[in-house]
Every structure is written in structure tokens, then in C-alpha cells.
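# Close look at the chain arrangement
Each chain, letter by letter, is given below.
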Amino acid sequence: MKKIGILTSGGDSPGMNAAIRAAVRQGKALGLTVIGINSGYEGCLTGDLEELGVKDVSGIIEEGGTILRSKRAPKFKEKRERTKAIRNLNQAGIDGVVVIGGDGTLRGAQALNREGVPTVGIPATIDNDVYGTDMTIGVDTALNTVVQSLDRIRTTASALERTFIVEVMGRNSGYIALMGGLSGGAEVILIPEVEYNLDEVAEEIYQGYKRGKQHMIVVVAEGIYDEGSAAHYVGQHLKEQIGFEIRVTVLGHMQRGGNPSAFDRGIASRLGAEAVKRLSNGESGTMMGLQGNEIKSVDYSDVLSQEKEIDMELYELAKTLSQ
Ligand code: ADP
């Protein structure tokens, strides 16, 4: 293998740049030419490629987002379109591609790999919903943002004896809500994986105030309600039930931004370098996963056929500690 491509795709997450930097510099250390593919799979379809040298990735380890840009490219799901993309990659002499992104991105990487372009994947999404890796790149930074926000909200909540409902990201996965709520000391956590009853939540809040709590923070994952804002829905219901003043905060895209944490930079550097080493050694069709403190190869077929489950013990722990 002489020339490799690298792309970021799907929702961006903090630490993608650190992974790009690691892949480029590891590639250079192995004597490879590294080509940046711009705008995810869209760049494969349009042939938007540029060579990346050691200097092109200097000063990006601390930057959120991705210098290669990330775009959704629904056309890439069609085999006919992928054939065009493969032709472009072949014409550019690209022997293999390192693909950085979430679940959807890894499906694209699996298709490319099956159809003739070797790929190795790196999990990067703030949702931490990829099977085969304990952590995805970006989730630690997002959690820090959530916890900082909860700290600030608590300061104002305790001054005014209000209940705050805070909505965090997670359409199908309650990971951010659970870990953010646990680490931020939330009183109630609502996630898509666990059924909830808002009358019971209202009762919990009422009892909390009766026991002398100064403030109540309810963290809700966006995915617990399909027909609009989860936090507003919960807020409305609780207001009718308990009559306390309720304030709703939707953290939104600020959870995706910001400088990556030390942890995210660390795993991005390790996963990025390992992906290039393995790809250049002839491995493909695998994702680099962090398991414990080790990096393991996991076949795409395993990654994409299984759901990562939420740790119910942590959910119970958060409940116990919220009294
Ligand atoms: P994420 O990688 O964050 O989960 P998406 O689900 O939006 O984000 O996927 C990102 C891109 O990956 C899509 O725009 C598309 O180009 C590609 N992709 C997603 N699913 C598939 C699939 N089943 N086959 C081929 N490509 C796919």
C-alpha cells in the first residue's frame, strides 16, 4: 500500500481533527502518501481530493469540527453511485481509505470495502452508540459540555427554587443523558431506553422539595419524545402537575462544538494511528475499537449487526445517588 485516503463523514464530533492529524503523521512515518477526501463520501463521488502533508495538519489537534468537512451524502447508499466513487478513488491511485464517523459512515465503509476499496473505520460520534468500542471520539468532550452546563444551571436553580428541564442530544441513545446526568448530579434522568411516567416524575420532584431540596434538575434525552422538543413536552406536563416554576433549556448543537478534551485527543491519536498501521499491513473491513484501555480490531459485520446497550447499573446508580 502506497497511497491512502482519509475522510470524515456524518455528524461531526470534537476530536475528528486529532484523528486526521494522527492518521496523516502515522502515514508519513510509514512512507505513505496521504490524500484528504473532502466532505465525506460526497468527495469520493466528486473526486474532491487533496494531498495532506505533515504541516497541513499542524495546529489542528485542539480544534473541534473537521478540516476535511463532513457532509451527509445520501446518494452514496446507491450501488451505482458507489461504483462511480470507486472509479474516482482508483483513478487517483488510492489503495485504501481510513473512514472516520458514526454508524452510518461505517455502513458506507463496509460497502466500499466489499466492493473493492479496502477501508478501516474509526468510531467518532458524540452519541457513543457504536458497538465494539467503549467510547467513540467526541463523547467525552460533549459530556464535559453537558456537565458544565448543568453546574451553571444548578447555581441559578438553587437561588430561585425552580425545576430545570435540560434536554441533551441522543435520538436513539440515552448515553449522554445518563452519563451527563450522573456526573452532573441530576435528580431525574429520562432516556429512550427506559419507559417513563411523567406523573411519577412529578411526584418525585414534589417529594424532593418536601425533603428540603433546593433545586431539581431533570435531564432528558431528545429521543424520549418524537413529536417535538422533549424538554418542552416534559416541562409542560410537570408545570400542569406540580405548579412549580419550570425552566426549560435545550443544549442543542453546543454539545457538538468546542475544543476536544484530553481524553478525546488521546483516543483519536491512538485510533487514528492504529487504523493507518493496520490498513498499510493489509488489514481491512474492520473498525478500531477502544476496549478497556486497549485498541482492538472489530469486524464491520459485528459492529453493524449489534446494538450497543446502555448500562442499566449506571442508570440505577444515578437514581440511588439523586436522593
Ligand atoms: P453517522 O456516520 O454520524 O451515523 P449518517 O448516518 O448520516 O451519519 O451517515 C453518514 C453518511 O454515510 C451518509 O450520508 C451516507 O453517505 C453514508 N451512509 C450511511 N448509511 C449508508 C449505507 N447503508 N450504505 C452506504 N453508505 C451509507
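Residues numbered from 1 in each chain as written. Predicted model: local features only at pLDDT ≥ 70, side-chain atom pairs only at ≥ 80, totals over all residues. Heavy atoms only, no water.

Evaluated as defined, the whole model comprises 14 salt bridges. The closest approach of N and O atoms between Arg 154 and Asp 151, which form a salt bridge, is 4.0 Å. You can see Arg 154 and its partner Asp 151 sitting in helix H5 (residues 139–160), three residues apart, about one turn around the helix. The partner of Glu 294 in a salt bridge is Lys 296, and the shortest N-O contact between them spans 3.4 Å. Residue classification places Glu 294 among the partly exposed residues on the basis of a relative accessible area of 47%. Bridged by salt links that share partners, the residues Arg 162, Glu 245 and Arg 247 form one connected network. (Salt bridge = Lys/Arg side-chain N within 4 Å of Asp/Glu carboxyl O. Helix = DSSP H or I, 4+ residues; strand = E, 2+ residues; numbered from the N terminus. Buried < 20%, exposed > 50% of the residue type's maximum accessible area, 1.4 Å probe, protein only.)

This brings us to the packing of aromatic side chains. A complete count under the given rule lists two aromatic pairs for this structure. Ring plane angle 10 degrees and centroid distance 4.1 Å describe the contact between Tyr 41 and Phe 76, whose orientation is recorded as stacked. One end of the pair, Tyr 41, is in helix H2 (residues 41–46); the other, Phe 76, is in the loop between strand S3 (49–51) and helix H3 (79–91), with 35 residues separating them in the sequence. Across the pair, Phe 76 and Tyr 41 agree in class, each one buried. (Phe/Tyr/Trp six-rings, centres within 6.5 Å; stacked < 30°, edge-to-face > 60°.)

Turning to the site of the ligand, a few remarks are in order. Taken together, 16 residues are adjacent to the ligand, and Arg 72, Ala 73, Gly 102, Gly 104 and Thr 105 come closest. Arg 72 places a side-chain nitrogen or oxygen 2.5 Å from an oxygen atom of the ligand. Taking Gly 104, its main chain carries an N or O atom lying 3.0 Å from an oxygen atom of the ligand. Notes on the ligand: free accessible area 550 Å², of which the protein chains cover 79%. The greatest single-element share of the shell around the ligand, amounting to five residues, is contributed by helix H4 (residues 103–114). (Near = heavy atom within 4 Å. Polar contact = N/O pair within 3.5 Å; in protein donor to acceptor, adjacent residues only side chain to side chain. Areas by Shrake-Rupley, 256 points an atom, 1.4 Å probe, with all protein chains shown as cover.)

What the four strands build is an open sheet, ordered S7-S8-S6-S9; its pairing is parallel. Edge positions in the open sheet fall to strand S7 (188–190) and strand S9 (246–250), since each of these has one partner strand only. Across the sheet, the mean angle from the axis of one strand to that of its neighbour is 15 degrees, orientation sign disregarded. Here strand S6 (residues 163–168) pairs with S9 via five bridges, running parallel. Bridged to Ile 165 within S9 is Val 248. (Pairing = 2+ DSSP bridges. Axes fitted to C-alpha atoms, helices over the stretch in contact; angles between N-to-C directions.)

Below, the discussion takes up the sheet that holds S3. Taken together, the seven strands give an open sheet; going across it, the order is S3-S2-S1-S4-S5-S10-S11, and neighbouring strands pair in mixed fashion. Each end of this open sheet is capped by a strand with a single partner; those strands are S3 and strand S11 (294–299). Strand-to-strand twist in this sheet, taken as the mean axis angle between neighbours without regard to direction, amounts to 30 degrees. Across five bridges, strand S1 (residues 3–8) lies against strand S4 (residues 96–101) in parallel orientation. Bridge pairing in S4 places Gly 5 opposite Val 97.

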